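Notes for the structure review
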Amino acid sequence: MGLTSNVNNDLNKSIEDKKKTDFGKQQDEFNLDLERQQERKRKEKKSRMVLGIWGEPKTGKTGIALDFPDRQIYVLDWDSGVESTWIECYDATDRIVVYDPIVVDKDNKIDIKKSELNSHNFVRHVRGKIEEGEKPIFVLDGVDTWYDKCIYKVNPNPTEVTKMMPYQYGSRNKTFYFLLEAIFNLRCDVIYITHETEKYVDNVPVGVQPAWRDWGGKLEQEIYCEKKRVKRDIVFNAQLIGSRTNGNLVGKTWTIREGQPPNIIWNGIPELQEGKV
């Protein structure tokens, strides 16, 4: 009786095994890689910073992005304006690498192909540093400027106005988003900086919005910067207007810079430096 029972059990098990789908070696490798990724994330227990900073010009956006005293920072400077802040405020420290990728030809026209290649080479350079063990912050300063210059993929001569069909803008859009995606895919904290632009409803201005097209949905955190005159002082404020990583802090406003020349005080955002935003 026992022997018959064992034979039947083995037979049933063999039939059930045959019913199971064999997804192949590729799926087995995927399953193993998925388990490893989940285990790594559980061990890290730290949310990634994918921060967007926007506002009017000269309101402290770049200062916030560089204000991480103990971090290696790489800046892709499409606004061509980070170098002065790096030199004047951070003593040109080698902890911060500022790279302007823009190439201008003999006719003072931007060579978009070379400038784009420089941008991606810089991203790959940082990817190599990450693979060597660095845990940096990558900053793209000038998202809106990058978008504007991508039109040269369609019309390389800025002195000529040409009529273009809607489908021709596809090359500009692909170029623009491909770089943003390449930066997003870096396994490190990243920051995107852009200016503000007017928001319209039925052709009527109703406020301002960030000039990074449809990129806002990718962001984990979002900070808006502005400056106001308070009596004789010009006060710089920054407000956390969105965060998937610390919803309780959304709406908080910091005075990041205050005082009168030459007695200017830079406060920054302590919670951002501590990774609590």
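What counts as what
- Residues numbered from 1 in each chain as written.
- Predicted model: local features only at pLDDT ≥ 70, side-chain atom pairs only at ≥ 80, totals over all residues.
- Heavy atoms only, no water.
- Salt bridge = Lys/Arg side-chain N within 4 Å of Asp/Glu carboxyl O.
- Helix = DSSP H or I, 4+ residues; strand = E, 2+ residues; numbered from the N terminus.
- Buried < 20%, exposed > 50% of the residue type's maximum accessible area, 1.4 Å probe, protein only.
- Pairing = 2+ DSSP bridges.
- Axes fitted to C-alpha atoms, helices over the stretch in contact; angles between N-to-C directions.
- Parallel < 35°, antiparallel > 145°, perpendicular 65-115°, else oblique.
- Contact = heavy atoms within 4.5 Å.
- Nonpolar A, V, L, I, M, F, W, Y, C, P; charged D, E, K, R; others polar.
- Phe/Tyr/Trp six-rings, centres within 6.5 Å; stacked < 30°, edge-to-face > 60°.
- Lys NZ or Arg CZ within 6 Å of the ring centre and 35° of its normal.

**Looking at the pattern of salt bridges**
Applying the stated criterion to the full structure yields eight salt bridges. Across the pair Lys153 and Glu116 runs a salt bridge, and its minimum N-O distance is 2.9 Å. With Lys153 in the loop between α6 (143-149) and α7 (169-184) and Glu116 in helix α5 (residues 112-131), this residue pair connects regions lying 37 residues apart in the sequence. Looking at Lys153, the relative accessible area reads 28%, which means it is partly exposed. Glu226 is the partner of Lys228 in a salt bridge, and the nearest nitrogen-oxygen pair spans 3.7 Å. Lys228 sits in the partly exposed class, given a relative accessible area of 44%. Owing to a relative accessible area of 24%, Glu226 belongs among the partly exposed residues under this scheme.

**Digging into the pairing of strand β6 (residues 204-210)**
Pairing analysis gives six bridges linking strand β5 (residues 189-201) to β6, with the strands arranged antiparallel. The partner of Tyr200 across the bridge, within β6, is Pro205. Hairpin connection, β5 to β6: the antiparallel pair is bridged by two residues, and Asp202 has positive phi, about 55°.

**Quick notes on the packing of α5 against α7**
Two elements in contact, α5 and α7, have axes separated by 10 Å at closest approach and are oriented at 10°. Comparing the axis directions of α5 and α7 gives the class roughly parallel. Residues Glu116, Ser119, His120, Val123 and Arg127 of α5 form the contact with α7, whose own contacting residues are Thr175, Phe178, Leu179, Ala182 and Ile183. Taken together, the residues of the contact of α5 with α7 break down into five nonpolar, three polar and two charged.

**Let's talk about the environment of Lys228**
In this structure, Lys228 sits in strand β7 (residues 221-230). In this structure, the C-alpha to C-alpha distance between Lys228 and Thr59, residues 169 residues apart in sequence, is 9.6 Å. When residues no more than four places from it in sequence are discounted, the contact partners of Lys228 are Asp233, Ile234, Val235 and Asn237.

**Points about the packing of aromatic side chains**
Applying the stated rule across the entire model yields 10 aromatic pairs. A centroid spacing of 5.6 Å and a plane angle of 65° characterise the contact between Tyr192 and Trp215, whose relative ring orientation is edge-to-face. One end of the pair, Tyr192, is in strand β5; the other, Trp215, is in the loop between β6 and β7, and 23 residues separate them in sequence. Across the pair, exposure class does not vary: Tyr192 and Trp215 are buried alike. Through successive ring pairs, a cluster of aromatic residues spans Tyr147, Phe176, Tyr177, Phe184, Tyr192 and Trp215. Its guanidinium or amino end placed over the ring of Phe184, Arg48 lies 5.1 Å from that ring's centre, counting from NZ or CZ. Its guanidinium or amino end placed over the ring of Phe184, Lys218 lies 4.4 Å from that ring's centre, counting from NZ or CZ.

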